[in-house]
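# An overview of the molecular structure
So the chains spell out like this:
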Amino acid sequence: MKAPYFIETLARNGDVLHRHQVDALPIRFGRGYDNDFILDDAFAAPRHAVLEAGDDGQAVLRDLGTRNGVVHLGKRKDSLVLTGDTVIRVGHTTLRVRGADFPVGAEMVDRTMHGWEGGIPGMVGLLLIGAFALITTWLSDTQAFQLIRYLLPLAYGIGIGLVWSGAWAFANRLFGRHARLGRHLFIFGCGLTAVLAYKLGASAVAYAFSLEALTAYSAHVAIAIVAGVIFFHLVTVKPHQSRRFALACLIMALVGSGLTLISNQLRTGRVADELFMSVLMPPSTRVSPDHKVDEFMSDVAAMKARLDAERGKKIKGDGGDD
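First, a word on what this report is: a plain description of the structure on this page. (Residues numbered from 1 in each chain as written. Predicted model: local features only at pLDDT ≥ 70, side-chain atom pairs only at ≥ 80, totals over all residues. Heavy atoms only, no water.)

Taken together, L247, L250, I251, L254, V255, L259, I262 and L266 make up a surface patch of nonpolar side chains, about 840 Å² in accessible area. Of note, L247 is situated in helix α6 (residues 242-268). (Patch = residues over 30% accessible without salt bridge, like charges linked within 9 Å, V, L, I, M, F, W, Y side chains within 5 Å. Areas by Shrake-Rupley, 256 points an atom, 1.4 Å probe, with all protein chains shown as cover. Salt bridge = Lys/Arg side-chain N within 4 Å of Asp/Glu carboxyl O. Helix = DSSP H or I, 4+ residues; strand = E, 2+ residues; numbered from the N terminus.)

We now examine the packing of helix α2 (residues 148-176) against helix α5 (residues 218-237). Contact geometry of α2 with α5 gives a least axis separation of 9 Å together with a crossing angle of 30°. Relative to α5, α2 is oriented roughly parallel. As for the relative orientation of α2 and α5, their crossing is right-handed in sense. Contacts between α2 and α5 involve W164, W168, A171, N172, F175 and G176 from the former and I230, H233, L234, T236 and V237 from the latter. Of the residues in the contact of α2 with α5, the class split is seven nonpolar, four polar and no charged. (Axes fitted to C-alpha atoms, helices over the stretch in contact; angles between N-to-C directions. Parallel < 35°, antiparallel > 145°, perpendicular 65-115°, else oblique. Left-handed = near helix turned anticlockwise from the far one by under 90°. Contact = heavy atoms within 4.5 Å. Nonpolar A, V, L, I, M, F, W, Y, C, P; charged D, E, K, R; others polar.)

Right, let's get into the side chain of R96. Take R96: it is sitting in strand β11 (residues 93-99). Given the relative accessible area of 12%, R96 is considered buried. Residues within four places of R96 in sequence aside, it is in contact with F6, I7, E8, L10, V16, G84, D85, T86 and V87. (Buried < 20%, exposed > 50% of the residue type's maximum accessible area, 1.4 Å probe, protein only.)

This brings us to the packing of aromatic side chains. Going through the model one piece at a time under the given rule, you end up with five aromatic pairs. When the ring of F231 is compared with that of F232, the centres are 5.3 Å apart and the planes differ by 70°; the resulting orientation is edge-to-face. What links up through ring pairs into an aromatic cluster is the set W164, W168 and F188. One cation-aromatic arrangement involves R286 over Y207; the distance from NZ or CZ to the ring centre is 5.5 Å. (Phe/Tyr/Trp six-rings, centres within 6.5 Å; stacked < 30°, edge-to-face > 60°. Lys NZ or Arg CZ within 6 Å of the ring centre and 35° of its normal.)

Turning next to the pairing of β11. Of all seven residues that make up β11, six are buried, and the element is covered over most of its length. Strand direction decides the pairing type here: strand β1 (residues 5-10) and β11, joined by six bridges, are antiparallel. Looking across to β11, one finds that L10 is bridged to T94. Note that strand β10 (residues 87-90) and β11 share four bridges and pair antiparallel. Each residue of the ladder has a partner; that of V90, found in β11, is T93. In this antiparallel pair of consecutive strands, β10 and β11, the connection spans two residues, and G91 shows a positive phi of 65°. (Pairing = 2+ DSSP bridges.)

With respect to the helices, strands and loops of the structure, D63 is situated in strand β6 (residues 59-63). Within the structure, D63 has its side chain in polar contact with the side chain of T66 (distance 2.8 Å). Look past the residues within four positions of D63 in its chain and what remains in contact with it is H48, A49, G69, V70, R76, K77 and D78. (Polar contact = N/O pair within 3.5 Å; in protein donor to acceptor, adjacent residues only side chain to side chain.)

All right, on to the sheet that holds strand β9 (residues 79-81) then. Strands sit in the order β4-β3-β5-β6-β9 across an open sheet of five strands; the sheet is mixed. The open sheet terminates on both sides in strands that have one partner only, identified here as β4 (37-38) and β9. Where strand β3 (residues 27-30) meets strand β5 (residues 49-53), three bridges bridge the pair, whose relative direction is antiparallel. Note that in β5 the partner of R28 across the bridge is V50.

This next bit is on the pairing of β5. Where β5 and β6 come together, five bridges link them in antiparallel fashion. Its bridge partner being in β6, L51 is matched across the sheet by L61. Linking two consecutive strands that pair antiparallel, namely β5 and β6, is a turn of five residues; a positive phi of about 90° is found at G57 within it.

Residues I7, F29, L51, L61, I88 and L95 are the most contacted members of the largest nonpolar core, which totals 19 residues. Those elements giving two or more residues to this core turn out to be β1, β3, β5, β6, β10 and β11. L95 has contacts with I7, E8, T9, L10, F29, F37, L39, T86, V87, I88 and V90, leaving out every residue within four places of it along the chain. (Core = buried A, V, L, I, M, F, W, Y, C linked by side-chain atoms within 4.5 Å.)

So, on to the environment of L39. With respect to the helices and strands, the residue L39 is situated in the loop between β4 and β5. Using a relative accessible area of 3% as the deciding quantity, one classes L39 as buried. If near-sequence neighbours (up to four positions away) are discounted, L39 is found in contact with F29, G30, R31, A44, V90, T93 and L95.

On to the pattern of salt bridges, then. In this structure the tally under the stated criterion is 12 salt bridges. Residue R62 is joined to E52 by a salt bridge in which the shortest nitrogen-to-oxygen separation is 3.0 Å. In this pair, R62 is assigned in strand β6 and E52 in strand β5, connecting sequence segments 10 residues apart. Residue D308 is joined to K304 by a salt bridge in which the shortest nitrogen-to-oxygen separation is 3.0 Å. Of this pair, D308 and K304 both sit in helix α7 (residues 293-321), four residues apart, roughly one helical turn. Judged by its relative accessible area of 51%, K304 is exposed. Put simply, E8, R19 and R96 are held in one network by salt bridges that share partners.

Encoded structure:
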């Protein structure tokens, strides 16, 4: 470790909060103003520790007989040899000391996509959020047109989008230095658009080709989309941790899908989201051939036999209890 020396104050996640340069050893740490590095920490002593050169030339940190001491890896140390990766705690302050010869890696590839942030992506995100609110209201509206029934969902949708994106922007400012509210609004709007596009597309295809699974398990697609939205929010905050975030979001999606299957089984006795395909569209959109009446009656007879058998089991069970 060569001079000059850089004392780094670290956050809990390891990020550097502050960096202070000292030209030579020894370096005195403490709350008093006669130290080389002043700790604004009530749990640090006025003269807490000193970093000096050891007999072999290594930098050795020595506790000056304080109450709280110097802590490394959860254990108190009277003296400790510091390398550039040694993290210590003095009072409630986490520190690291590095010399000017500490090696650093090459610059990272910039994957932050700066063009997809700012006012234009934010406005696009707000437009997508508003379109989602209006279209979903229009699809469920069965009464005469009233403007207020569309304005309220529009206001609620934009408000929820601003709150959601604002929370991520605050986290971005806290952990990533820049808020990037426009990017987070765009991500949220794209997520809502993906949910709506799947709902409309899956409903049309399911009705046209009798593919009931597209609507019976649509909740799992929505869960996957939500996990994807959270992933893009996270990589906007910390772009270099994309693999870790992808794994976390994948686990989140699998857990959410599993809980949905269990809930459906307990609620209806089936793992599907709905007992039957509830999508109704004009007959002209049908591609699959219609089933014959005899085939339908055969299915009904088989269902009746199965229900009668289940009902008979319940009656026998009730009689045995009496």
